[in-house]
Amino acid sequence: MDGAGISRRGFIGQARDTAVVALAAAGAAGSVLAQTGGGAGGSVVARGRPMPDGVSLPSSPLRPKRQDSVGYAVVGLGDYALNQMMPRFSRSERSHIAALVSGNPEKLRRVGDAYGVPADARYSYEHYERIAADTRIDAVYIVLPSGLHAEYAVRAFAAGKHVLCEKPMALNSADCERMIAAGERANRRLMIAYRVHFEPHNMEAMALMRRQAAGNIRFVRTEQLSRTDPKSRPAENWRIDRALAGGGPLEDFGIYGLQAALYLTGEMPEAITATTFQPRNDPRFAQVFASVASHLRFPSGAIAQLMTSYDSDGSNIAHVRGDTGALIMDPATGYEGHKMRLEGRESRDFSLGDPTVQFARQLDNFSDAVRDNATIRTPGAMGLRDVRLIEAIYAAAGTGSVVRLSPDGRMRR
């Protein structure tokens, strides 16, 4: 069926009930679509974790390059913050680390000392609200597990700070809307950290597809696949904890495949079908799905097939087939090592420089927005759009039917 004759509320409820049954059978507590109402604070709290393995801290503190540099409080000192984003502040022109927020005092001490963050600018989650009085902090960068994004963003806005938030924006569209409203009330800016919009290969791919370098797009295929350690358990790996991660791989790196389908076609889908897989008797997937696959149809007639998994040999690709050529990105959306080839009328391989500039460029785009009211390339509205699409994917998988969409990503009645 295609959803005709059923209300939007009834349709979402049916999808939610189906997902509840599937997850309950595997030992989960509820539905990926039924996250805590009113934000993560209802049932999930941030807690300090030990220092991740393999962290290389700077040997000397990082200093701002400009007088008008924006001071960031980094909220959450996990692997991505410590190994990817924080070291890249040194390459930013207008961004610096002014404060840290963590629940682990020893980690706060070690990281604070390494980055030259004063002792009185190191905050616990318990005392997060105290950032309001710290004039060294212009903005917060939220690098917490996904289920905590909404609560800590809303609290940052209440403290009068701008917010750069990791993806996904939140685990449901209601929380995304709450974050946007909180930013508007506080007259503060909100950006979602979609780094690939600042990565040279992906930026060139967008430009190529806008000028129809492969002709009229007919087909897009994306894969964001990896295999979670068989020894992982939700207690130590938040990405397989439903309350913190939602459905699993789709919200994590699968969102980059969804994004690629949108920015390469330049369209919003009008219809979605999808399927999920959750193996029995695998503790890794007691709460989240192992794999999610979806099929998107666009108004132009283009089709996108998106695959993401936590239980597959690794892959990170985006392929576009047009009526006169093809664009092949492999790897497509990672931290580094990007490769891209255009085939057809103007076949060529692309070498577009260092992909890691995406991190510093992302920071400086937001700093320019804070200081000069510059346009944010990846605003909260984009994050809300994507979460609505994720909800539609789960609804389609839960009911086994076609979900039809309005242009803003909302499910149609």
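No experiment lies behind these values; they were computed from the predicted model shown. (Residues numbered from 1 in each chain as written. Predicted model: local features only at pLDDT ≥ 70, side-chain atom pairs only at ≥ 80, totals over all residues. Heavy atoms only, no water.)

Draft legend 1. Here's a closer look at unusual backbone geometry. That bond from Lys167 to Pro168 is cis: its omega, -10°, falls within 30 degrees of zero. Checked against the element boundaries, Pro168 lands in the loop between strand S5 (162–165) and helix H5 (173–186). Going from Asp330 to Pro331, the amide bond is cis rather than trans, its omega being 0°. Topologically, Pro331 is positioned in the loop between strand S12 (325–329) and strand S13 (340–344). For Gln212, which is not a glycine, the phi torsion comes out positive at approximately 55°. Position of Gln212 relative to the elements: it lies in the loop between helix H6 (200–210) and strand S7 (217–227). Residue class for Gln212 comes out partly exposed when judged on its relative accessible area of 39%. Positive phi is not limited to glycine here, since Asn281 has a value of about 60°. Tracing the sequence through the fold places Asn281 in the loop between strand S8 (271–277) and strand S9 (291–297). (Helix = DSSP H or I, 4+ residues; strand = E, 2+ residues; numbered from the N terminus. Buried < 20%, exposed > 50% of the residue type's maximum accessible area, 1.4 Å probe, protein only.)

Draft legend 2. Representation of the packing of aromatic side chains. Taken as a whole and assessed by the stated rule, the structure comprises nine aromatic pairs. On the numbers, 5.7 Å between centres and 90° between planes, the contact of Phe253 with Tyr310 is edge-to-face. Of this pair, Phe253 sits in the loop between helix H7 (242–245) and helix H8 (254–265) while Tyr310 sits in the loop between strand S10 (303–309) and strand S11 (311–322), and the two are 57 residues apart along the sequence. Every member of this aromatic cluster is reached through a ring pair, and the members are Tyr72, Phe89 and Phe366. Above the face of the Tyr152 ring, Arg155 is positioned so that its terminal group lies 4.7 Å from the ring centre. (Phe/Tyr/Trp six-rings, centres within 6.5 Å; stacked < 30°, edge-to-face > 60°. Lys NZ or Arg CZ within 6 Å of the ring centre and 35° of its normal.)

Draft legend 3. Broad picture of the sheet that holds strand S15 (residues 403–404). Sheet architecture is open: nine strands sit in the order S14-S13-S12-S11-S7-S10-S9-S8-S15, paired in mixed fashion. The two strands at the open ends of the sheet, each matched to only one other strand, are strand S14 (348–350) and S15. With seven bridges connecting them, S9 and S10 associate as antiparallel partners. From the neighbouring strand, His295 faces S10, where its bridge partner is Gln305. Strands in contact with H8 are S7, S9, S10, S11 and S12; relative to S7, the strand with the most contacts, it is inclined by about 165°. Helix-sheet contacts for helix H10 (residues 380–399) involve S8, S9 and S15, and the interaxial angle to S8 is about 65°. (Pairing = 2+ DSSP bridges. Contact = heavy atoms within 4.5 Å. Axes fitted to C-alpha atoms, helices over the stretch in contact; angles between N-to-C directions.)

Draft legend 4. Inspection of helix H9 (residues 357–372) at higher detail. Here H9 spans 22 Å end to end across 16 residues, near enough to the 22 Å set by a 1.5 Å rise per residue. The buried count for H9 comes to 12 of 16 residues, which makes it a mostly enclosed element. Looking only at H9, the buried set comprises Val357, Gln358, Phe359, Ala360, Gln362, Leu363, Asp364, Asn365, Phe366, Ser367, Ala369 and Val370. After H9 finishes, the residue Asn373 shows a positive phi value of roughly 60°. (Expected span 1.5 Å × (residues − 1).)

Draft legend 5. Quick peek at the nonpolar core. Within the largest apolar cluster, 116 residues are counted, with the highest numbers of intra-cluster contacts made by Met86 and Leu327. The leading source of residues in this core is H10, at 11 residues. Among all residues touching Met86, those that are not within four sequence positions of it are Leu62, Val74, Leu77, Ala81, Ile97, Leu100, Val111 and Tyr115. Among the nonpolar cores identified, the runner-up in size contains six residues, and Ile240, Phe253, Phe285 and Ala290 belong to it. (Core = buried A, V, L, I, M, F, W, Y, C linked by side-chain atoms within 4.5 Å.)

Draft legend 6. Main features of the sheet that holds strand S1 (residues 70–75). With parallel pairing, the six strands of this open sheet are ordered in space as S3-S2-S1-S4-S5-S6. Single-partner strands in this sheet number two, and they are strand S3 (122–123) and strand S6 (190–192). In the sheet, S1 pairs with strand S2 (residues 95–101) via six bridges, with the strands oriented parallel. Looking across to S2, one finds that Val75 is bridged to Val101. Lying over the sheet, H9 contacts S1, S2, strand S4 (139–142), S5 and S6, oriented at roughly 125° with respect to S1.

Draft legend 7. Region of the structure containing the environment of Met382. Examined against the element boundaries, Met382 turns out to sit in helix H10. It is 9.6 Å that separates the C-alpha atoms of Met382 and Gln259, two residues lying 123 residues apart in sequence.

Draft legend 8. Focus on the packing of helix H2 (residues 79–88) against H9. Where H2 contacts H9, the axes come no closer than 8 Å and their chain directions differ by 70°. Our classification of the angle between H2 and H9 gives roughly perpendicular. Here the hand of the crossing between H2 and H9 comes out right-handed. Two secondary-structure elements touch here, H2 through Tyr80, Gln84, Met85 and Arg88 and H9 through Phe359, Ala360, Gln362 and Leu363. Of the residues belonging to the contact of H2 with H9, the class tally is five nonpolar, two polar and one charged. (Parallel < 35°, antiparallel > 145°, perpendicular 65-115°, else oblique. Left-handed = near helix turned anticlockwise from the far one by under 90°. Nonpolar A, V, L, I, M, F, W, Y, C, P; charged D, E, K, R; others polar.)

Draft legend 9. Broad picture of the pattern of salt bridges. Counted by the stated rule, this structure contains 30 salt bridges. Taking the shortest distance from any N to any O, the salt bridge between Arg178 and Asp175 comes out at 3.3 Å. Of this pair, Arg178 and Asp175 are both found in helix H5, three residues apart, which corresponds to roughly one turn of the helix. Since its relative accessible area comes to 7%, Asp175 is described here as buried. Between Arg284 and Asp311 there is a salt bridge, and its shortest N-O distance comes to 3.0 Å. Remark: Asp311 occurs in strand S11 and Arg284 occurs in the loop between S8 and S9; sequence separation between them is 27 residues. Overall, Asp311 belongs to the partly exposed group, its relative accessible area being 28%. Sharing partners across several salt bridges, the network here consists of Arg66, Asp68, Arg94, Asp368 and Asp372. (Salt bridge = Lys/Arg side-chain N within 4 Å of Asp/Glu carboxyl O.)

Geometric descriptors of this kind do not, in isolation, establish any biological role.
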